[in-house]
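# Observations on the model geometry
Residues per chain, in single letters:
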Amino acid sequence: MSDDVQAGSPLHGSASVHVDASPETVFALLTDLDRLPGLSPENERCEFLDGSSSIEVGARFRGHNRAGDYEWHADCVVTELEPERRFAYEVPPDYEHATTWAYTIEPDAEGTGCTVTETFHAPLLGLPDVYPGRIEGRRDNLERACATTMANLKSALESGD
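Okay, the nonpolar core next. Of all hydrophobic cores here, the largest spans 35 residues; its most connected members are Val19, Val26, Leu30, Tyr89, Val116 and Leu153. A per-element tally of this core places helix H2 (residues 138-159) first, with 6 residues. Aside from chain neighbours lying at most four places away, what touches Val116 is Ala15, Ser16, Val17, Val19, Val26, Leu30, Thr104, Met150 and Leu153.

Structure below.
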């Protein structure tokens, strides 16, 4: 997914937050599969798959998720990894309509923190005959989840957790 995807499109959403932490610290948290679920309102835990044991391009992992009473798991593959700048993955791997989730870290000019943006591009939301395209309000729920994740990231980094 490129960063030029239009904000507010029915397939795309994002949220950003400024944090008082270094890009190195932010990146370490976002790529820690033991800690990442603690930021998300849906993801409960993650595990590596297919012999992967660290976050690198091509690594596969599974996220175990819950929204209300609905539980599911999603297999993912890391598609981009630029230390201290960007981490992205596709869900499900190798699927023509895969959702891309990405985290971009931009240091501020003063060097005291950075802006972190979580984005998603979810082509399935544009296919009303295919789940999750049938879930009314799913795009907006995902964007609210991004905002929650970013607020939780800020709290975790600035409280010293």
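Still more ground to cover, so stick around.
Looking at where Leu11 falls in the secondary structure, it is placed in the segment before strand S1 (12-19). Note: C-alpha distance between Leu11 and Gly126 (115 residues apart in sequence) is 6.4 Å. Apart from the residues lying within four places of it in its own chain, the contact partners of Leu11 are Phe120, His121, Ala122, Pro123, Leu125 and Gly126.

On to the packing of aromatic side chains, then. This structure, assessed with the given rule, holds 5 aromatic pairs. With centroids separated by 5.2 Å and ring planes inclined at 25°, the aromatic side chains of Tyr70 and Trp72 adopt a geometry described as stacked. Taken together, a centroid distance of 6.0 Å and an interplanar angle of 15° make the contact between Phe87 and Tyr103 stacked. Note that Phe87 is positioned in strand S5 (residues 86-91) and Tyr103 in strand S6 (residues 99-107), a separation of 16 residues in sequence. Linked through ring pairs, Phe61, Phe87, Tyr89 and Tyr103 together constitute an aromatic cluster.

Put plainly, two cysteines are in a disulfide when a covalent bond ties their sulfur atoms together. In the structure shown here, the tally under the stated rule is 0 disulfides. Cys114 forms no disulfide, and the closest cysteine sulfur to it belongs to Cys146, at a distance of 17 Å. Judged by its relative accessible area of 0%, Cys114 falls in the buried class. A disulfide-free cysteine, Cys146 has its sulfur positioned 14 Å from the sulfur of Cys76, the nearest such atom. Look at Cys146 and you get buried, because its relative accessible area is 0%.

Reading the values: rules and limits
Residues numbered from 1 in each chain as written. Predicted model: local features only at pLDDT ≥ 70, side-chain atom pairs only at ≥ 80, totals over all residues. Heavy atoms only, no water. Core = buried A, V, L, I, M, F, W, Y, C linked by side-chain atoms within 4.5 Å. Buried < 20%, exposed > 50% of the residue type's maximum accessible area, 1.4 Å probe, protein only. Helix = DSSP H or I, 4+ residues; strand = E, 2+ residues; numbered from the N terminus. Contact = heavy atoms within 4.5 Å. Phe/Tyr/Trp six-rings, centres within 6.5 Å; stacked < 30°, edge-to-face > 60°. Disulfide = S-S within 2.5 Å.

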